[in-house]
Structure formats: C-alpha cells, structure tokens
Amino acid sequence: GQGDVPDAVWDRIKDHPCFSEEAHHYFARMHVAVAPACNIQCNYCNRKYDCANESRPGVTSERLTPEQAARKVLAVAARIPQLSVLGIAGPGDALFDWRRTFETFRLVGEKLPDLKFCVSTNGLALPDHVDELARHNIDHVTITINAIDPEIAAGIYPWIYFKGKRHTGIEAARILLDRQMEGLERLTAKGVLVKVNSVLIPGLNDAHLVAVNQAIKARGAFLHNVMPLISDPAHGTRFGLDGVRGPTPAEVKAVQDSLGGGAHLMRHCRQCRADAVGMLGEDLSAEFTLDKLPEAPV
Ligand code: CLF
Ligand code: SF4
C-alpha cells in the first residue's frame, strides 16, 4: 500500500490517475462525451459548454453516440498503451440519460474487458442506478457535492428536474442533497470507491466545505477534491453568480489545508473537459475527433 491506504484498496487505485496521485504519472484516462442532457441547473454552469462539475467549462465537446464513443475508445486504446480508465463526465449528467452511459460501457466492455470504468454525476439520479453501476463493475464514482446545508445549496442550484417535475428554491436543494447523500451511502455500503468533488465558490461555500468534508467522510467517501470555480466572463453568463469570481490558488490551498482531518484530499485534479484524452493535464482529444477515427464496426 501507500501511506495510510490499505493494500487491498491500493490495488484498486494504483492505475487510476485521479484516485491515486502516484498513478497520474503513469496512467492515462479518457472521457467520451455521450451524456449531453442534465437534470439540474448549477448557477455556475453555462449549458452551451461542458459540465462544470467535473470538466473545465468553456469548451464544447463533440457529442457522441455510444457506438461512436466505443469506436473512439478502441482507437485511443490502440494508440495509448497507458490508457487505464474510461470516464463519462458529461457534458451534462452521466446518469440522467443513463441509457447512453451504460450502453457505452457495455459496448466498450465487450472489446476491452480490462479497462476500468468511471462515472461522474451531480447525484440526483444516482440512487436509481447504484445496482446498475455495480453490474457494470464500476468501482470509481464521483459525486459533485457543493453543500450539505439546503440554504447554501439554494444559492448554488436554482432548480432541479426530478420525477417529471421542476422544483426550485429550498425544496429543490433539499431533494438534491438528500439524493446525493443517499447515493453516497449506498455506494460506499457496496464498497465502491467514491470521490466527492466540491466547487469552491468564494463567498458562498468556502467556509462551509469543512462541514461538507466531515459529512462525506462520515459516509465513507474515499477522496475529496476541492476544485476552484472557473469564472471567465468570456465564456458567457453564469446566471446566478454575477460578480462572483473564481478563488485564487492560495485560497484553494487554504481551504484544502483546513480539511486536514477529513477524507483524503485530491490535490492533482486538472479539471478535464468532457472529451479529454491522455495523461492528466495532457489533452489529445483533437487527434481523435470523429472524422479521424477508422470506420471499424464495433
Ligand atoms: Fe474522469 Fe473524473 Fe473518472 Fe478521473 S477526471 S470521470 S475521476 S477518470 Fe480526474 Fe479530471 Fe479532475 Fe475529474 S483530473 S476533472 S477528478
Ligand atoms: Fe451544468 Fe454539470 Fe451543473 Fe448540469 S451538473 S447544470 S451540466 S455544471
């Protein structure tokens, strides 16, 4: 093992570039942008671009069908031997349009049984898919949890779309937070390794992330990744957060340091786009656009 990580867990993270800082020097991940739709609205999201929870906002990924995505994964795996993980992280929510996500994993799994699968979600639909995630052998899941207090969450999420109905305000926040916690508890009860991403939004949740860290640790989260809000007016309106700036690197570090006793911290996140390909911090996605893929049937 490594540090205070038991050997049995180390075996499950040692080739995952996000779950192990060590692994990111040796292993590559790729994302396929098969999940265009989202079931919530984050105030910091500009829907024209990728899900800002897991991905660098402000870039538009090429939307793929599951078949196109599988072709792309085969092409990348043939060219990048360090590829160890396939993640689905948007551009919307990976579990809202869940059929596309699981069909992609099914197609890829038939050809590349050793590739690890990874999912990132806002958590609203998560409790409905815990068993399906287990069936696809998905051992790594990320939930974006920006708050555990509905009052704070209501300032981050103006609405959610849940069971055919739109909810707003505190009611929406309560439903979302309950579903996130339920999903986290049920995944960790099954032994799945869960990472929690929190977007640090100065003035909104910066002082609150200590409480988030404690709550997720108590429910068995394996890692906590505090990522900065990327605010760039060039990327258009973030409708609820006018005037809110992104934190400085020093502010991010101060919050991370304040979480010392909580869940393990991830400090090497590169806020990848929803179609990223390569080592973390490297992006070869331009080499694998659809027009460049071989037509091989899958
Ligand atoms: Fe992708 Fe996310 Fe899986 Fe990694 S990214 S779905 S856990 S395989 Fe990694 Fe990229 Fe940070 Fe995400 S560096 S944005 S944490
Ligand atoms: Fe945007 Fe992602 Fe939030 Fe959905 S979950 S609104 S895609 S940032």
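Residues numbered from 1 in each chain as written. Chains lettered and ligands numbered in written order. Predicted model: local features only at pLDDT ≥ 70, side-chain atom pairs only at ≥ 80, totals over all residues. Heavy atoms only, no water.

**Student:** Sorry if this is basic, but what is going on with the site of ligand 2 here?
**Tutor:** Contacts to ligand 2 come from 13 residues, most closely from C38, C42, C45, C51 and N53. Looking at the shell around ligand 2 residue by residue, the classes come out as eight nonpolar, four polar and one charged. (Near = heavy atom within 4 Å. Nonpolar A, V, L, I, M, F, W, Y, C, P; charged D, E, K, R; others polar.)

**Student:** I'm lost on the packing of aromatic side chains in this one. Help?
**Tutor:** The relation between two aromatic rings is expressed through the spacing of the ring centres and the mutual angle of the planes. Across all of its chains, the model carries two aromatic pairs by this definition. Pairing F19 with F222 gives two aromatic rings, centres 6.4 Å apart and planes at 10°, and the pair type is stacked. With F19 in the loop between α1 (7-13) and β1 (28-31) and F222 in the loop between α7 (209-218) and β9 (223-228), this pair connects stretches of sequence that are 203 residues apart. Given a relative accessible area of 4%, F19 falls into the buried group. Given the relative accessible area of 13%, F222 is considered buried. Here the aromatic rings of F105 and F117 are separated by 4.5 Å at their centres, their planes lie at 25°, and the arrangement is stacked. In this pair, F105 sits in helix α3 (residues 98-111) while F117 sits in strand β4 (residues 116-121), placing the two residues twelve residues apart along the sequence. (Phe/Tyr/Trp six-rings, centres within 6.5 Å; stacked < 30°, edge-to-face > 60°. Helix = DSSP H or I, 4+ residues; strand = E, 2+ residues; numbered from the N terminus. Buried < 20%, exposed > 50% of the residue type's maximum accessible area, 1.4 Å probe, protein only.)

**Student:** Help me understand the site of ligand 1 in this model?
**Tutor:** Around ligand 1 sit 15 residues, and of these H31, E54, C118, C269 and C272 come closest. Among the residues forming the shell around ligand 1, the class breakdown is seven nonpolar, five polar and three charged.

**Student:** Explain the sheet that holds strand β5 (residues 140-144) to me, please; I cannot follow it from the model alone.
**Tutor:** Strand pairing in a sheet relies on backbone hydrogen bonds. The paired strands run either parallel or antiparallel. Taken together, eight strands build an open sheet; the order of strands is β10-β9-β8-β5-β4-β3-β1-β11 and the sheet is mixed. Whereas interior strands pair on both sides, the edge strands pair on one side only; in this sheet they are β10 (264-265) and β11 (277-278). Relative to β9, strand β8 (residues 193-200) runs parallel, the two sharing six bridges. Bridge assignment links K195 to a residue of β9, and that residue is L223. In the packing of α7 onto the sheet, contacts are made with β8, β9 and β10, and the angle to β9 comes to roughly 155°. (Pairing = 2+ DSSP bridges. Contact = heavy atoms within 4.5 Å. Axes fitted to C-alpha atoms, helices over the stretch in contact; angles between N-to-C directions.)

**Student:** Looking at this model, I keep getting lost on the pairing of strand β3 (residues 83-88). Mind explaining?
**Tutor:** Consecutive side chains of a regular strand alternate in pointing toward one face of the sheet and then the other. Summarising burial for β3: six of the six residues are buried, a large majority. Both β1 and β3 contribute to a ladder of four bridges, which runs parallel. Residue pairing in the sheet places R29 in a bridge with V85 of β3. As paired strands, β3 and β4 are joined by four bridges and run parallel to one another. Within β4, the position partnered with V85 by the bridge is K116.

**Student:** Can you help me understand helix α6 (residues 169-189) in this one?
**Tutor:** Residue pairs three or four apart in sequence face the same way in an α-helix, which turns once every 3.6 residues. Here α6 is 21 residues long and its end C-alpha atoms lie 30 Å apart, about the 30 Å a rise of 1.5 Å per residue gives. Every buried residue of α6 is accounted for by A172, A173, I175, L176, L177, R179, Q180, M181, G183, L184, L187 and T188. Positive phi appears at G191, one or two residues downstream of α6, with a value of about 85°. (Expected span 1.5 Å × (residues − 1).)

**Student:** What should I look at first to understand the pattern of salt bridges in this one?
**Tutor:** A side chain with one charge can pair with a side chain of the opposite charge if their charged atoms come near. Per the stated rule, a full pass over the model turns up 17 salt bridges. K116 is paired through a salt bridge with D15; the nearest N and O atoms lie 3.4 Å apart. Here D15 lies in the loop between α1 and β1 and K116 lies in strand β4, a separation of 101 residues in the sequence. Classification of K116 as partly exposed rests on a relative accessible area of 21%. Between R273 and D275 there is a salt bridge, with the nearest N and O atoms lying 2.6 Å from each other. (Salt bridge = Lys/Arg side-chain N within 4 Å of Asp/Glu carboxyl O.)

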